[in-house]
Structure formats: structure tokens, C-alpha cells
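As a plain string of letters, each chain reads:
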Amino acid sequence: MKRLKIGAVGGYRGAHLAKNFMLLNCDVVAFCDFRPDRLEMGKNYLNADVALYDDFDKFLEHDMDAVILGNYFHEHTALAIKCFERGLHVFSECISNGTMAEGVELLRAHEKSNSIYFLAENYPQMVFNLEMQKVCKSGTLGRILYAEGEYNHPSPGGVVSTLKALSYFPEHWRNHLPRTYYVTHSLGPLMRATGATPKRVSAYCVAEPEIRDIPSARCVIDRTAVITTQNDDGSVFNFTGCTTYGAHHNAYRICGTEGQIENVRGMGDKVLLRYNEWSKPEGMDEVNFYDAVYSEEDKKLTSVSGHGGADVITARMFIDCIREGRQPEHPFDIHSAVAMSSVAILGHRSMLNGNIPYDIPDFHNEDERKKYENDRETPFYGTDGSKPTIPNGSDPDYKPTETQMKLYRELVMEEK
Ligand SMILES: NC(=O)c1ccc[n+]([C@@H]2O[C@H](COP(=O)([O-])OP(=O)(O)OC[C@H]3O[C@@H](n4cnc5c(N)ncnc54)[C@H](O)[C@@H]3O)[C@@H](O)[C@H]2O)c1
């Protein structure tokens, strides 16, 4: 079988993702980052014979089959469209579009191309989420009514090495990231397990200022967003965006008419599957508490890949799509990806506007596209020098203290 030729953008995550494609017998042939320090970082991490580019357009001229987009969180659309125009397949992490207008543009460009678009959302491939998907598919939970998801990543704050790796200049997207935007890690696993897609969204945020004298350029006061969606099958999801409260976890729970399954917070890969006494399947207990495990054939592969092995499984799903000449399944397909981005963007809008609900547009429908095709509201700075047009949190005036900024400039940016 012909080996696939892969190109990757982004010195940190882009390079990490590319390593997974190497594990799967693909050739990573080209690598791009427009910052010299990050180009070097990616090159060292890949440690392979790879053509290096500091310009995306030149990189696209390299002979390759597919591109991994690990550039800034909110700027994937323009790069994806350029890939479509060259017939290249796209593996894009994590939200597909940073504005509603970009969602429309992405879909329109994709319809004109033969490229496969895969939203590189890896959390559904974590071992406990695969187990939840298997149980949902078995039908023993009955009709799914309700599900919860939490992506909770607290950090001690002010750790210089982390800031240098992840939010290394004041306008960086992580310093301005509204809490509803980083939504795919909590929503993606629920959509994958249940097959549902959000139709309506509302959101609340919880503010908690950082008052310690630590290096910080973070301009968002909120620590969590709680998002509720009503879905196309009538079910309801309740989930967080990127959240930072005490005790790290990624937690999910799916409830049906006959039973429910969850992974147990703080207990590794343990899952808890419960039924009613009268509805438990033959051979099962009312309460089943066990370890989720990858299949025998995947144990070795997943043991050397990031996010508990989920990264390499996600890469393999994309490769399967390319080999089989098909678009991915829900929710990795382009319409699901854009729907998730709409939840992120309109969830934030809900929070800013008194928590009112917003309909998630169905962009199969041209009338709904028209409504949003010029909607470029954004809380982010752009690489092109553009500025935020809306607040990034529940307190629009919140910003780091002078001491926090001084420490950030001295220690993270190493300004003299
Ligand atoms: N799924 C996961 O588990 C996971 C983990 C980490 C990051 N991510 C995602 O990966 C993406 C990248 O995040 P990151 O942590 O690597 O940090 P980052 O966003 O700072 O890195 C982006 C990199 O792309 C480069 N870049 C940006 N625009 C470019 C362009 N037009 N041409 C060439 N290079 C360009 C930047 O110089 C930078 O090195 C984000 O979307 C993030 O959400 C996902």
C-alpha cells in the first residue's frame, strides 16, 4: 500500500500530532511554522528528515496527501480552505472556525473540493469514552435523554515553562480564550456516544480573578462556563468549556431511559454502569464498576501515544477515511465540526447577553448560511493585526495586574 505523505503546521501540537502519523507508517515529509523558535521546536521534536518551511503557501507546494493544522486555535479556517483549493486532505485541531462567517466559508469551500475534512477531536477516543460509546450502541441504556461532559484542567498558574510553551505573548489566544470556546473536548465525546447534534445553546460563566503576584497575561476573569444544549434528538447536554476548578479530570455521563454510564472522576479509566433492577440486561448487575481497556491489538500502539492513546487512534481514523475515500463519521465530519464551533461562539454570545438561548444554525440550509455569512465577531487578536470585537468574559474590563504583566514580560518574554 502506498505510504501517505503528511505535512504538519505548528511547532508544538502540530509536531506532536505528526509523530502519531509516523507510528502509523506514514511519511511526515514537510513541517511549517512561521516563528523561528517554534520551527526549531517542531524540528527537534520530530527528529526526522523533514522539509522545513516558515511560509504556509510555500509549504503547500510540497508534494503531500494531507495536512495537519496545529496553528492557532481560532485561525484554522483560512489554512483549511487553502488546503481544499490544492486538493489536500485536512486534519484540523480543535475548533474548525473562529467566527460564524468562517463556518459558512469553510463549508462552501469544502463543497467545491474533493478533500476529506477531519476534525481532529481526540477525547472521544480516550479508553473510557470508547467504552461509553460501545454501551450506548448496545442499546441497553434505552433512549438517551441527558448527558454531561467536563473538561477540567486546573493549573497552579504562573509556571514559567508552561507559559513559555503555551501562551508566550500577550495577544496569544490562550490569554483571551472565553470559557465556552474550547468546547470540543467536553462536547465531542457526548456527540460521538449519542449521535446527537446541538440545536440550541445557552451558557453561564463563573468569575474568579487571579490576584496573586505571578507572571500572567491572562485577560479572562472566568474560571468556567456551564453550557446547556437541546439537541436534534430531543436530548439535553450539560457541559463545561475549558474549565479550571480544583482537581483535574475529564468526566462524562450518559443517561438513558433504562440506565446510565459514567467514568468515575479521579479513578483513572474506571467506569460505572448502572441499570434499574427491572431493566438490567441478562448477565449484568444493577451496579457494574470496571476498568475500560483498549482492545488487545491497540494496547501497544496506544501505550506510546499522547492523551492516554487517544491521539494515535484519532490519526488512524483519518487515515482510514483517506484510504477508503470517504468523509468521516459524526462528529468528526465538517458539519458537526462547524456545529461544535457554533456552540462555542453562540454559547459565549448567550453568556454576554443575559444567558439567552441561541439556535445553532443548520448550515446545510442556504438561508441559515446567509444569516451568518458576514458575522465576524471575535474575542481574539488575529495574526493579521486585527483586534477583538467583543469581550472575552463576564467582566469586559478585567485584565492582569501591573505586577503580573511585569513578571510576564520579564520571565516569559524575557524582556530586559
Ligand atoms: N487535542 C488536544 O489535546 C490539543 C492539545 C494542545 C493543543 N491543541 C490544539 O492545537 C492547536 C495549536 O496549539 P498549541 O498548543 O500547539 O499552541 P499554539 O497555538 O501557540 O501553536 C500554534 C503554532 O502554529 C504556528 N502558526 C500559527 N499560524 C501559522 C501560520 N499561518 N503559518 C505557520 N505557522 C503558524 C505558531 O507559530 C505556533 O507555533 C490549537 O488549536 C489547540 O487548540 C489540541
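Analysis parameters
- Residues numbered from 1 in each chain as written.
- Predicted model: local features only at pLDDT ≥ 70, side-chain atom pairs only at ≥ 80, totals over all residues.
- Heavy atoms only, no water.
- Helix = DSSP H or I, 4+ residues; strand = E, 2+ residues; numbered from the N terminus.
- Rg over C-alpha atoms; globule rule 2.2 N^0.38 Å.
- Buried < 20%, exposed > 50% of the residue type's maximum accessible area, 1.4 Å probe, protein only.
- Contact = heavy atoms within 4.5 Å.
- Lys, Arg positive; Asp, Glu negative; His and termini not counted.
- Charge placed at Lys NZ, Arg CZ, Asp CG, Glu CD.
- Near = heavy atom within 4 Å.
- Polar contact = N/O pair within 3.5 Å; in protein donor to acceptor, adjacent residues only side chain to side chain.
- Areas by Shrake-Rupley, 256 points an atom, 1.4 Å probe, with all protein chains shown as cover.
- Domains from an automatic or database assignment.
- 1 Å grid on protein atoms, 1.4 Å probe; cavity = no way out; pocket = protein on both sides within 12 Å on 5 of 7 lines; lining within 4 Å.
- Points joined across faces, edges and corners; volume = space filled by probe spheres on them.
- Nonpolar A, V, L, I, M, F, W, Y, C, P; charged D, E, K, R; others polar.
- Pairing = 2+ DSSP bridges.
- Right-handed = clockwise from strand over helix to strand, strands pointing away.
- Axes fitted to C-alpha atoms, helices over the stretch in contact; angles between N-to-C directions.
- Salt bridge = Lys/Arg side-chain N within 4 Å of Asp/Glu carboxyl O.

Peer 1: Sorry, what's going on with the overall build of the protein chain here?
Peer 2: Counting its regular elements, the protein chain contains 13 helices and 15 strands. For a compact globule of 416 residues, the expected C-alpha radius of gyration is about 22 Å, and the protein chain comes in at 21 Å, within 12% of that figure. Projected onto its principal axes, the C-alpha coordinates of the protein chain cover approximately 70 × 55 × 45 Å. Counting across all 416 residues of the protein chain, residues that qualify as buried make up 56%. Counting only contacts in the protein chain whose residues sit at least 6 apart along the sequence, the fraction spanning at least 24 positions is 69%. The protein chain carries 45 positive and 59 negative side-chain charges, and their two centres are separated by 2 Å.

Peer 1: It is not clear to me how the site of the ligand should be interpreted in this structure. Could you clarify?
Peer 2: Lining the immediate environment of the ligand, one finds 26 residues, of which Asp 33, Glu 93, Tyr 168, His 172 and Trp 173 sit closest. His 76 places a side-chain nitrogen or oxygen 3.1 Å from an oxygen atom of the ligand. The side chain of His 307 places a nitrogen or oxygen atom 3.0 Å from an oxygen atom of the ligand. A total of 840 Å² of accessible area belongs to the ligand in isolation, and the protein chains cover 95% of it. Counting residues domain by domain, the shell around the ligand receives three or more from each of domain 1 (5-119) and domain 2 (123-305 + 334-372).

Peer 1: Could you clarify how one ought to interpret the layout of surface pockets in this entry?
Peer 2: A probe as big as a water molecule, rolled over the atoms, marks out the empty space that is left. Here the second largest pocket is characterised by a volume of approximately 640 Å³. Leu 130, Gln 133, Arg 192, Ile 313 and Met 317 are, among the 24 residues lining the second largest pocket, the residues nearest its centre. Among the secondary structure elements, those contributing two or more residues to the lining of the second largest pocket are helix H6 (127-138), helix H8 (184-194), helix H9 (296-303) and helix H10 (310-324). A per-element tally of the lining of the second largest pocket places H6 first, with six residues. Taken together, the residues that form the lining of the second largest pocket break down as eleven nonpolar, three polar and ten charged.

Peer 1: Is there a simple way to explain the environment of Asp 291 in this structure?
Peer 2: Tracing the backbone through its elements, the reader meets Asp 291 in strand S14 (residues 287-291). Since its relative accessible area comes to 45%, Asp 291 is described here as partly exposed. Leaving out residues up to four positions away in the same chain, Asp 291 has contacts with Asp 269 and Lys 270. A polar side-chain atom of Asp 291 sits 3.1 Å from a polar atom in the side chain of Lys 270.

Peer 1: Sorry if this is basic, but what is going on with the pairing of strand S4 (residues 66-69) here?
Peer 2: Within a regular strand, side chains alternate between the sheet's two faces. Residues of S4 alternate between two faces, with Ala 66 and Ile 68 on one and Val 67 and Leu 69 on the opposite face, all of them buried. Here S4 pairs with strand S5 (residues 89-92) via four bridges, running parallel. Within S5, the residue paired with Ala 66 across the bridge is His 89. Crossover handedness for the path S4 to helix H4 (residues 76-85) to S5: right-handed.

Peer 1: I keep staring at the sheet that holds strand S12 (residues 259-263) and nothing clicks. Help me out?
Peer 2: In any sheet, the strands associate via hydrogen bonds between backbone groups, in a parallel or an antiparallel arrangement. With mixed pairing, nine strands are arranged side by side in an open sheet as S14-S13-S12-S11-S7-S10-S9-S8-S15. The open sheet terminates on both sides in strands that have one partner only, identified here as S14 and strand S15 (358-359). Bridge analysis of strand S8 (residues 198-207) against strand S9 (residues 222-231) gives nine bridges, and the strand direction is antiparallel. In the strand pairing of S9, Pro 198 is matched with Asn 231. Sheet strands in contact with H8 are strand S7 (144-152), S8, strand S10 (236-243) and strand S11 (249-256), and its direction is about 150° off that of S10.

Peer 1: Can you help me understand the sheet that holds strand S2 (residues 27-32) in this one?
Peer 2: Ordered by their spatial adjacency, six strands build an open sheet running S3-S2-S1-S4-S5-S6, and the pairing between neighbours is parallel. A strand with exactly one partner marks an edge of an open sheet, and here the two such strands are strand S3 (51-53) and strand S6 (117-119). This sheet shows a mean twist of 20° between the axes of neighbouring strands, independent of strand direction. Taken strand by strand, H10 contacts S4, S5 and S6, and its axis lies near 165° from that of S5.

Peer 1: Before we go on, may I ask you to explain the pattern of salt bridges in this structure?
Peer 2: Any two side chains of opposite charge can pair if their charged atoms end up close together. Across all of its chains, the model carries 26 salt bridges by this definition. As a salt-bridge pair, Asp 311 and Arg 13 come within 3.1 Å of each other at their nearest N and O atoms. Of this pair, Asp 311 sits in helix H10 while Arg 13 sits in helix H1 (residues 13-23), and the two are 298 residues apart along the sequence. One exposure class covers both Asp 311 and Arg 13, and it is buried. When the shortest N-O distance is used, the salt bridge between Glu 366 and Arg 108 registers 2.8 Å. Of this pair, Glu 366 sits in helix H12 (residues 366-372) while Arg 108 sits in helix H5 (residues 100-111), and the two are 258 residues apart along the sequence.

Function cannot be read off these values alone, since they describe shape.
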